[in-house]
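Working through the structure, step by step
The lines below spell out each chain.
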Amino acid sequence: MFHLGTTELIIILVILVLLFGVGRISKIAGELGKGMNNFRNGLKGDEDPSDASEKKG
């Protein structure tokens, strides 16, 4: 489908840094990682009962 080489990926990364800034990109990446982790845990059903009670109340 999309065959991106190293040069294209570097150009895209530079454009993203120019548009958003380093601090905001690291914050977005961290939130994305947490979201993916929560999604995986939700699929597995590995939620801690103590965590569930804290979210409800």
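Residues numbered from 1 in each chain as written. Predicted model: local features only at pLDDT ≥ 70, side-chain atom pairs only at ≥ 80, totals over all residues. Heavy atoms only, no water.

What to know about the overall build of the chain
A count of helical and extended segments in the chain gives three helices and zero strands. Start at the N end of the chain and walk to the C end: the helices and strands fall as α-α-α. Residues classed as buried in the chain amount to 0% of the 57 residues present. (Helix = DSSP H or I, 4+ residues; strand = E, 2+ residues; numbered from the N terminus. Buried < 20%, exposed > 50% of the residue type's maximum accessible area, 1.4 Å probe, protein only.)

Comments concerning helix 2 (residues 22-44)
Look at helix 2: 33 Å from first C-alpha to last across 23 residues, which is about the 33 Å you get at 1.5 Å a residue. Directly beyond the C-terminal end of helix 2, a positive phi value near 80° is found at glycine 45. (Expected span 1.5 Å × (residues − 1).)

Focus on a nonpolar patch on the surface
Side chains of Phe2, Leu4, Leu9, Ile11, Ile12, Ile15, Leu16, Leu19 and Phe20 sit close together on the surface and give an oily, nonpolar patch of about 900 Å² of accessible area. On the secondary structure map, leucine 9 appears in helix 1 (residues 6-20). (Patch = residues over 30% accessible without salt bridge, like charges linked within 9 Å, V, L, I, M, F, W, Y side chains within 5 Å. Areas by Shrake-Rupley, 256 points an atom, 1.4 Å probe, with all protein chains shown as cover. Salt bridge = Lys/Arg side-chain N within 4 Å of Asp/Glu carboxyl O.)

Examining the packing of helix 1 against helix 2
Contact geometry of helix 1 with helix 2 gives a least axis separation of 7 Å together with a crossing angle of 105°. Considering their axes alone, helix 1 and helix 2 lie roughly perpendicular with respect to each other. Of the residues in helix 2, those in contact with Leu16, Val17 and Phe20 of helix 1 are Val22, Arg24 and Ile25. (Axes fitted to C-alpha atoms, helices over the stretch in contact; angles between N-to-C directions. Parallel < 35°, antiparallel > 145°, perpendicular 65-115°, else oblique. Contact = heavy atoms within 4.5 Å.)

Describing the confidence of the model for the chain
Across the chain, the average pLDDT comes to 83, with 77% of residues at or above 70. Ranking the helices and strands of the chain by mean pLDDT puts helix 1 first, with 92, and helix 3 (residues 49-56) last, with 56. (pLDDT = per-residue confidence, 0-100.)

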